Amino acid sequence: MLFRSRCDLKIIGVVREPFEMLVSLYEYWRRCNFQEEPPQPIIQVAITSSFREFLELAVRKRVLETYESFFDVGGPAWETTRLIDFDSLQPSLEAVCREFGLDPPTGVERLNAAPSRVREAGSYLAEAGSLVFEVRKRFRWYYEEAPRFMVRPDRAAAA
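Every residue gets a number counted from 1 within its own chain, in the order that chain's sequence is written. Only residues with pLDDT of at least 70 are given local features in this predicted model, and only at 80 or more are side-chain atom pairs given and counted; all residues enter the totals for whole chains, interfaces and linings. Only hydrogens and water are set aside; all other atoms, that is, all heavy atoms of the structure, feed into the side-chain values.

Enquirer: Hey, could you run me through the nonpolar core in this one?
Expert: Side chains of nonpolar character tend, in soluble globular proteins, to be buried together. To qualify as a nonpolar core, a set must consist of buried Ala, Val, Leu, Ile, Met, Phe, Trp, Tyr and Cys residues joined through side-chain atoms within 4.5 Å. Only protein chains enter the area calculation, which uses a 1.4 Å probe; residues under 20% of their type maximum are buried, those over 50% are exposed, and those in between are partly exposed. One finds Phe-19, Leu-22, Ile-42, Phe-51, Phe-54 and Leu-55 to be the most contacted residues of the largest nonpolar core, which totals 31 residues. We count a stretch as a helix when DSSP gives it H or I for four or more residues in a row; a strand needs E for two or more, and each element gets its number in order from the N terminus. For this core, the secondary-structure elements that each account for two or more residues are α1 (18–31), α2 (41–48), α3 (51–60), α6 (121–128), α7 (131–138) and α8 (140–144). For this analysis, residues touch if any pair of their heavy atoms sits within 4.5 Å. Sequence-distant contacts of Phe-51, defined by excluding residues within four places in its chain, comprise Phe-19, Leu-22, Val-23, Tyr-26, Tyr-124, Glu-127 and Ala-128.

Now the structure itself:
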């Protein structure tokens, strides 16, 4: 039976600028120490191929879900879903927790954080070439619609 009425499930999602998210995901999968070969082709491509080939599969061949699909935008749980901008994670998470009647965490631990170093985005942009426009097109919702829905510190302060 499909659940079609209001859902009491609370979903807190963290979204990130799509190109940054793709670079981060690519780097994470490349440095991850998998115990066995991952079955997902997208992870295999990230491990063995160039960033451009990874983008081809992720974006052009639409292997990675978009945010609106992943978070079921407009679906039964959308009313109780809050999206947080990655760049304002801590203050936005605190605001959402208060709204949902939860105790806000005192700190957000980043378990899969990259090693301490500055990421050189220029090399990824150069390698991506025209695929940057494909990223923008595929993740259009993030750029055009999501800002209205994301909890950010300026909105959190007004709440």
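Following the structure, the description resumes.
Enquirer: Please explain the pairing of strand β2 (residues 81–85) as it appears in this structure.
Expert: Every regular strand shows the same layout, with side chains that alternate between the two sheet faces. Within β2, 5 of the 5 residues are buried, which leaves the element mostly enclosed by the surrounding structure. Alignment of strand β1 (residues 11–15) against β2, held across 5 bridges, turns out to be parallel. Bridge pairing in β2 places Val-15 opposite Asp-85. When DSSP finds at least two bridges between two strands, those strands are taken to pair. Both β2 and strand β3 (residues 150–151) contribute to a ladder of 2 bridges, which runs parallel. Residue pairing in the sheet places Leu-83 in a bridge with Met-150 of β3.

Enquirer: I'm lost on the packing of α2 against α3 in this one. Help?
Expert: Packed helices, taken two at a time, are described by the angle between their axes plus the distance between the axes. Relative orientation of the contacting elements α2 and α3 amounts to 165°, with a least axis distance of 8 Å. With respect to α3, the element α2 is oriented roughly antiparallel. With respect to the hand of their crossing, α2 and α3 are arranged in left-handed fashion. Seen from α2, the contacting residues are Pro-41, Ile-42, Val-45 and Ala-46; seen from α3, they are Glu-53, Phe-54, Leu-57 and Ala-58. Only the stretch in contact is used when a helix axis is fitted, and all axes are lines through C-alpha atoms; the angle between N-to-C directions ranges over 0 to 180 degrees. Roughly parallel here means an angle under 35 degrees, roughly antiparallel means over 145, roughly perpendicular means 65 to 115, and every remaining angle is called oblique. Crossing chirality is assigned from the near helix's rotation relative to the far helix, an anticlockwise turn below a right angle marking it left-handed and a clockwise turn marking it right-handed.

Enquirer: Quick question: what am I supposed to make of the packing of aromatic side chains here?
Expert: In this description, a pair of aromatic rings is defined by centroid distance and the angle of the planes. Classification of ring pairs uses Phe, Tyr and Trp, with its six-membered ring standing for Trp, and accepts pairs whose centres are within 6.5 Å; under 30 degrees between planes counts as stacked, over 60 as edge-to-face, and the remaining range as tilted. All chains considered together, the criterion is met by 14 aromatic pairs. Ring geometry for Phe-19 versus Phe-51: centroids 5.8 Å apart, planes at 90°, classification edge-to-face. Here Phe-19, found in helix α1, pairs with Phe-51, found in helix α3; they are 32 residues apart in sequence, far enough to count as distant. Look at Trp-78 and Trp-141: their rings are 6.5 Å apart centre to centre, the planes differ by 70°, and that puts the pair in the edge-to-face class. Pair noted here: Trp-78 is in the loop between α4 (67–70) and β2 and Trp-141 is in helix α8, with a separation of 63 residues, a long-range link. According to the relative accessible area criterion, Trp-78 is buried, its value standing at 17%. Among the aromatic residues, those joined into a cluster by ring pairs are Phe-19, Tyr-26, Trp-29, Phe-51, Phe-54 and Tyr-124. Both a distance and an angle decide whether a charge sits over a ring: NZ of Lys or CZ of Arg must be within 6 Å of the ring centre and within 35 degrees of the ring normal. Just above the ring of Phe-86 sits the side chain of Arg-16; from NZ or CZ to the centre is 4.1 Å.

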